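This is what each chain is made of:
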Amino acid sequence: MVGGFIALIVLVTLAALYAPRYVQTRAVTAKAAPPVRQIMPAVGLWLSTTDHRMKLTQQPDIAMTAQGSSAADIVIDVNTKYQTITGFGAALTDSSAWLLHTKLSAPQRQALLTELYGPPPNLNFNMMRLTIGSSDFSLNVFTLDDIPFGQADPQLKHFNIAPNLQDVIPMMREVLAINPGMLTIASPWGAPAWMRTTQNLLGGELEEQYESTYADYLVKYLDAYRSHGIPIFALTLQNEPAYAPISYPGMTMGAKTRARIVSQYLGPKLAGRKPKTAILEWDHNWTPVEEPLAVLADPDAARYIDGVAWHCYGGSQHEQGKVHRAHPDKDAYITECTGGDWPLSVNGELLWFSRNLLVTGIRQWARGVVYWNLALDENHGPHFGGCSKCKGVITIDSETGEVTRNEEYYALAHFSRFVEPGAFRVNSTDTDVDDRGIANVAFQNASDGSIVLVMVNLNKDERRVSVTDGRNRFAYAMPAESVATFVWDPDLAAGWIRRAQRWLSGTRPQVHIE
């Protein structure tokens with residue numbers, strides 16, 4: 001029955017494609033027919049501008065023409081494929097979960113979470129980051145095994161996730177009800193105080209005698225969350241292990257320690273678990289790149305490590321490429337980056353996040369991009385020390401519950417709404433190397449073969465750009481300081497058939513995780 005229906009759709013599609021030719025063929029006996037006009041794809045276009053006149057606003061379709069012999073500014077080659085894309089999202093910090101849970105009514109929250117995590121035309125976020133214990137965006141300081149000062153709990157008898165039961169876990173379950181395929185990365189801001197050299201949650205290092213216990217602590221977290229129906233896609237050993245904050249929880253952890261914990265304890269404990277939980281190394285800035293390279297140079301640790309997690313607060317995105325070239329079997333994920341109300345953002349952050357974080361980060365092998373706080377209030381909180389000017393993807397007014405969509409929302413949406421999980425990054429001319437002020441990255445969705453091109457114009461004036469996929473071409477005048485997403489089917493008939501098959505199966509594109 002299904003196969004017959006698909007065949008019918010194919011026939012109708014082909015009939016639609018060739019209808020103009022058929023009509024003109026019948027008329028040939030009356031008068032000479034004009035040349036047959038090839039049916040060309042049309043390019044869908046969504047646009048955002050820094051003056052806020054356009055916010056992911058759909059524009060009229062752009063007509064394509066045959067490739068011809070003239071050169072184009074951007075040449076897309078779908079036959080040259082790079083990494084597959086895992087997805088996009090933001091961290092559900094304690095603060096974000098608390099705001100969603102306490103400042104929005106149930107209908108408001110359902111509508112907002114559907115907008116963020118529902119399938120297109122919603123944002124289709126499918127990645128999340130959780131903190132194991134508190135972070136600087138929590139209402140208080142805690143770990144998941146806190147006991148009186150001077151005591152120890154090597155058997156983890158006091159381990160519990162009670163602090164997460166009020167807000168984080170209920171919000172995660174609501175998100176999973178909308179998108180069951182969520183990929184969640186969990187990161188600790190440090191071990192319980194009794195495991196540390198300082199016996200304090202602010203700073204210190206992990207005592208070597210507790211390295212195995214710390215691995216058990218992380219595994220217990222996985223099991224506890226799984227018991228609530230929340231699978232964890234990946235773990236990191238320590239958030240920002242090269243930094244010891246003095247105003248919020250944190251802990252340093254050197255490369256030798258991380259390699260030893262992975263190779264001797266955490267790696268073996270996670271090996272063979274189903275479903276698999278990946279281990280991501282580093283979880284800190286693009287510099288010093290020697291840190292993750294040192295851990296990956298240890299073969300006993302490297303065999304358990306699936307990728308490297310990166311933050312955007314120092315160094316260059318090109319360090320991701322350096323690690324990829326040295327270890328092409330290890331994935332790259334950007335797991336934290338935040339915008340904020342600081343002097344450098346006085347002109348907005350749409351262009352920086354679109355070009356520097358997303359376009360360049362993905363060109364440098366990132367499979368997924370996860371922003372920092374999903375939601376904060378109008379006072380950049382709640383927060384416990386740390387960043388006092390950070391912004392969420394959205395702002396929730398703590399008095400009224402009104403939701404403001406920040407520029408980071410639109411930067412992420414230009415990718416997440418159109419680039420499906422499992423899409424390939426494909427080759428496109430790198431226009432960001434010649435000081436033209438134009439950046440781009442291209443993808444091909446696996447489900448229907450459609451091409452997605454995201455382009456950023458950093459210039460203060462309009463720039464006309466021509467694009468070809470090898471068969472078809474189009475040109476567009478990019479407005480000043482703008483971000484545009486272009487979507488088209490290079491092969492109309494094949495794309496319609498694949499969409500019909502997906503519609504019949506009722507499936508939502510998901511990334512394949514080994």
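Anything mentioned here points back to the structure above.
Undergrad: What is the right way to look at the packing of helix H3 (residues 106-117) against helix H4 (residues 168-178) in this model?
TA: When two helices pack together, their arrangement is given by the angle between their axes and by how far apart the axes lie. Viewed as axis vectors pointing N to C, H3 and H4 meet at an angle of 55°, and their least axial separation amounts to 9 Å. As far as their axial angle goes, H4 and H3 are oblique. As H3 runs across H4, the sense of the crossing is right-handed. Contacts between H3 and H4 pair Arg109, Gln110, Leu113, Thr114 and Tyr117 from the former with Met171, Glu174, Val175 and Ile178 from the latter. Considering only residue class, the contact of H3 with H4 consists of five nonpolar, two polar and two charged.

Undergrad: Just to check I follow, could you spell out the packing of helix H2 (residues 94-103) against H3 for this structure?
TA: Running from N to C, H2 and H3 point in directions that differ by 135°, and their axes come no closer than 8 Å. In terms of orientation, H2 and H3 fall into the oblique class. Contacts between H2 and H3 involve Leu100, His101 and Lys103 from the former and Gln108, Arg109, Leu112 and Leu113 from the latter. The class makeup of the residues in the contact of H2 with H3 is three nonpolar, two polar and two charged.

Undergrad: Hey, could you run me through the sheet that holds strand S16 (residues 375-376) in this one?
TA: One open sheet accounts for three strands, arranged S16-S18-S19; its pairing is mixed. Where the open sheet ends on each side, the last strands, each with one partner, are S16 and strand S19 (403-405). With two bridges connecting them, S16 and strand S18 (residues 394-396) associate as parallel partners. Among the inter-strand pairings, leucine 376 is bridged to a residue of S18, identified as threonine 395.

Undergrad: Help me out: how do you make sense of the nonpolar core in this one?
TA: In globular proteins that are soluble, nonpolar side chains generally tend to be buried together. Tyr117, Tyr214 and Tyr221 are the most contacted members of the largest nonpolar core, which totals 109 residues. Take this core: its biggest share by element is nine residues, from helix H5 (residues 211-227).

Undergrad: Could you clarify how one ought to interpret the pairing of strand S12 (residues 307-311) in this entry?
TA: Every other side chain in a regular strand lies on the same face of the sheet, so the side chains alternate between the two faces. In terms of burial, S12 is a largely internal element, five of the five residues being buried. Burial along S12 is two-sided: Gly307, Ala309 and His311 and Val308 and Trp310, pointing in opposite directions, are all buried. Note that strand S11 (residues 278-285) and S12 share five bridges and pair parallel. In the strand pairing of S12, asparagine 285 is matched with histidine 311. Here S12 pairs with strand S13 (residues 331-336) via five bridges, running parallel. Across the sheet, the residue bridging to glycine 307 is aspartate 331, located in S13. Viewed along the sheet, the connection from S12 through helix H9 (residues 318-326) into S13 turns out right-handed.

Undergrad: How should I be thinking about the side chain of threonine 50 in this particular structure?
TA: Topologically, threonine 50 is positioned in the loop between strand S1 (42-49) and strand S2 (57-63). Residues in contact with threonine 50, not counting those within four places in the same chain, are Leu350, Leu351, Glu407 and Glu481.

Undergrad: I would appreciate a short explanation of the state of the cysteines in the present structure.
TA: Two cysteines, two sulfur atoms, one covalent bond between them: this is a disulfide. Applying the stated criterion across every chain, the model contains two disulfides. Here cysteine 312 connects covalently by a disulfide to cysteine 337, the sulfurs 2.0 Å from one another. With the S-S dihedral at roughly 85°, the linkage between cysteine 312 and cysteine 337 falls on the right-handed side. With cysteine 312 in the loop between S12 and H9 and cysteine 337 in the loop between S13 and strand S14 (339-340), the pair connects residues that are 25 residues apart, well separated along the chain. Here cysteine 387 connects covalently by a disulfide to cysteine 390, the sulfurs 2.0 Å from one another. A torsion of 115° about the S-S bond marks the disulfide between cysteine 387 and cysteine 390 as right-handed. An identical accessibility class is assigned to cysteine 387 and cysteine 390; each is buried. Sequence-ordered numbering of the bonded cysteines in the protein chain gives a pairing of 1-2, 3-4.

Undergrad: I would appreciate a short explanation of the environment of glycine 204 in the present structure.
TA: Structurally, the position occupied by glycine 204 is in strand S8 (residues 202-205). Not counting residues within four places of it along the chain, the set of residues in contact with glycine 204 comprises Thr197, Thr198, Met251 and Thr252.

Undergrad: Before we go on, may I ask you to explain unusual backbone geometry in this structure?
TA: Across the junction of threonine 287 and proline 288, the peptide omega takes the value 0°, indicating a cis bond. A cis amide bond links glycine 381 to the next residue, proline 382, at an omega of 0°. Relative to the elements of secondary structure, proline 382 occurs in the loop between S16 and strand S17 (390-391). A positive phi angle, near 55°, is found at leucine 156, a position not held by glycine.

Undergrad: When you look at the sheet that holds strand S6 (residues 127-132) in this model, what are you seeing that I'm missing?
TA: Hydrogen bonds along the backbone pair up the strands of a sheet, which may run parallel or antiparallel. The strand order S5-S6-S7-S9-S11-S12-S13-S15 describes a closed barrel built from eight strands, whose pairing is parallel. On average, each strand axis in the sheet is tilted by 25° relative to the strand beside it, whichever way the strands run. Both strand S7 (residues 183-188) and strand S9 (residues 234-236) contribute to a ladder of two bridges, which runs parallel. Considered in S9, the bridge of alanine 186 is made with leucine 235. The sheet contacts of H5 involve S6, S7 and S9, and relative to S6 the element is tilted by about 130°.

Parameters at a glance
Residues numbered from 1 in each chain as written. Predicted model: local features only at pLDDT ≥ 70, side-chain atom pairs only at ≥ 80, totals over all residues. Heavy atoms only, no water. Axes fitted to C-alpha atoms, helices over the stretch in contact; angles between N-to-C directions. Helix = DSSP H or I, 4+ residues; strand = E, 2+ residues; numbered from the N terminus. Parallel < 35°, antiparallel > 145°, perpendicular 65-115°, else oblique. Left-handed = near helix turned anticlockwise from the far one by under 90°. Contact = heavy atoms within 4.5 Å. Nonpolar A, V, L, I, M, F, W, Y, C, P; charged D, E, K, R; others polar. Pairing = 2+ DSSP bridges. Core = buried A, V, L, I, M, F, W, Y, C linked by side-chain atoms within 4.5 Å. Buried < 20%, exposed > 50% of the residue type's maximum accessible area, 1.4 Å probe, protein only. Right-handed = clockwise from strand over helix to strand, strands pointing away. Disulfide = S-S within 2.5 Å.

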